[in-house]
Amino acid sequence: MNELIKQLQNRRSVREFTGEKIKEEDLKTILATAQRAANSVNGQQTSLIVVRDKEKLAKIAELCGGQKHIAQADAFVFVLVDFHRGVYASNSLGKRNIAPKSADGILVGAVDAGIVVNALQTAALALGYGSTVIGAIRKETKEFIKMLGLPEYVFPIVGSTLGVPVERKLTRVKPRVPLDTFVFEDTYDAKKVEEGVEFHEKDTVAWREENGTPQLPSYKEMIVRIYENFYNTSKQDLEGQGFKFADELDEK
C-alpha cells in the first residue's frame, strides 16, 4: 500500500503527548504545507495563530472544557476564518466585499478552514507528530477573540493540538460507519445510512471494550451529548465579529 495512504488510513486523534518539543524546521514545514491547501477562488480566507506558551496552553485547555491534553501538547494552532484580508483587498480598490455579510461567505470560510486543518494534520502525521482537532474553542469564542486580538471579519472556527505522541497500541483503528453506508452511487440511501448507524453503534461499543475504555460514550450517546441542546453561541459570536447570515444586502 502507498505509504501516505497507509498513514492516513491509520490516523488517530492523539490525546497523550510526551512533552517533547516539535523541531522548529518541522513546525515551519507543517504550517507552510497548511498554507498550500486548496481554497475558494484563491481568496486565502484563512489564517493560523500558533500558541506554544505553556500558560496560554493551560488557559486554552481550561476554556475548552478542561481538555488536559491541550496543555500537554507542544503547540496549539487556531484556524481562523479570515475575511479581513479580502475586505482590505477589495476596499483598497474602492470596492465592497460582501463575503462576511453573506451566508455563502460563512460557508466558504468554514469549508476552507476544514481543508486547512486537514492539510496541517496530514503534514504533522507525515513527520511523526500527533494532533487532534478541537471544535470546543467555539464554546468560548469571545474569550479567544480577546486572547488572540482578532479584528472584525476574523473568527476562530477550529483548532488543533500538535505534539509528539505517546505510543499507544490499539487492537484496530477507531471504527467508522461501513463504507457502503458512507459512499453511494448516483443517489442517497437513507435506509442504508440508518442500517449503518445500528451496525456502527455495536462496533463502537466492541472497540471501546477491546481497548479498555468501556466508560466512554457510544456513537449514539456522543451524538446525543453534543446535539441534544444548542452547543454554543456561534451565531451571536459571528455577528459580533461583523459576520451576517444573509442572502442579500440590506441597503437601508
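Cut-offs applied
Residues numbered from 1 in each chain as written. Predicted model: local features only at pLDDT ≥ 70, side-chain atom pairs only at ≥ 80, totals over all residues. Heavy atoms only, no water. UniProt positions renumbered as here; feature names shortened; annotations may be inferred. Axes fitted to C-alpha atoms, helices over the stretch in contact; angles between N-to-C directions. Helix = DSSP H or I, 4+ residues; strand = E, 2+ residues; numbered from the N terminus. Parallel < 35°, antiparallel > 145°, perpendicular 65-115°, else oblique. Left-handed = near helix turned anticlockwise from the far one by under 90°. Contact = heavy atoms within 4.5 Å. Nonpolar A, V, L, I, M, F, W, Y, C, P; charged D, E, K, R; others polar. Buried < 20%, exposed > 50% of the residue type's maximum accessible area, 1.4 Å probe, protein only. Domains from an automatic or database assignment. Core = buried A, V, L, I, M, F, W, Y, C linked by side-chain atoms within 4.5 Å.

The protein chain is annotated in an unreviewed UniProt entry as Nitroreductase from Leptotrichia hofstadii. In its Sequence similarities (unreviewed entry) section, the UniProt record describing the protein chain reads: "Belongs to the flavin oxidoreductase frp family."

All right, on to the packing of helix H3 (residues 54–63) against helix H7 (residues 141–148) then. It is at 11 Å that the axes of H3 and H7 come closest, and there the two elements cross at 165 degrees. With respect to their mutual orientation, H3 and H7 come out roughly antiparallel. Considering how the two elements wind past one another, H3 and H7 form a crossing that is left-handed. Contact residues: H3 offers Lys59, Ile60 and Leu63, while H7 offers Glu143, Phe144 and Met147. Classifying every residue of the contact of H3 with H7 by side-chain character gives four nonpolar, no polar and two charged.

Turning our eyes to something else, we now look at the environment of glycine 163. With respect to the element layout, glycine 163 can be found in the loop between strand E4 (154–162) and helix H8 (190–210). Residue classification places glycine 163 among the buried residues on the basis of a relative accessible area of 1%. Considered as a pair, glycine 163 and leucine 27 are 136 residues apart in the sequence and their alpha carbons are 9.9 Å apart. Apart from the residues within four sequence positions on either side, glycine 163 is in contact with Phe17, Ile22, Asp74, Tyr129 and Gly130.

Domain parsing of the protein chain yields domain 1 (3–166 + 231–241) and domain 2 (169–213). Here the C-alpha centre of domain 2 lies 28 Å away from the C-alpha centre of domain 1.

When the UniProt feature table is mapped onto this chain numbering, "domain: Nitroreductase" (unreviewed entry) sits at residues 9–155. Secondary structure over residues 9–155 splits into 47% helix and 12% strand, and the C-alpha atoms at its two ends are 31 Å apart.

Here the focus is the nonpolar core. Residues Ile30, Leu162 and Phe243 are the most contacted members of the largest nonpolar core, which totals 29 residues. Going through the elements one at a time, helix H2 (24–35), strand E2 (75–82), helix H6 (103–126) and E4 are the ones with two or more residues in this core. Element by element, the count of residues in this core is highest for H6, at eight residues. In this structure phenylalanine 243 touches Val81, Phe83, Pro100, Ile106, Tyr153, Val154, Phe155 and Leu238, once residues within four positions along its chain are discounted. Counting 18 residues, the second largest nonpolar core, distinct from the first, contains Ala136, Ile137, Phe144 and Leu150.

The subject of this paragraph is unusual backbone geometry. The phi dihedral of glutamine 44 is positive, around 50 degrees, even though this residue is not glycine. Among the secondary structure elements, glutamine 44 is positioned in the loop between H2 and strand E1 (46–51). The backbone of aspartate 186 sits at a positive phi, close to 75 degrees, despite the residue not being glycine. With respect to the helices and strands, aspartate 186 occurs in the loop between E4 and H8. We classify aspartate 186 as exposed; its relative accessible area is 75%.

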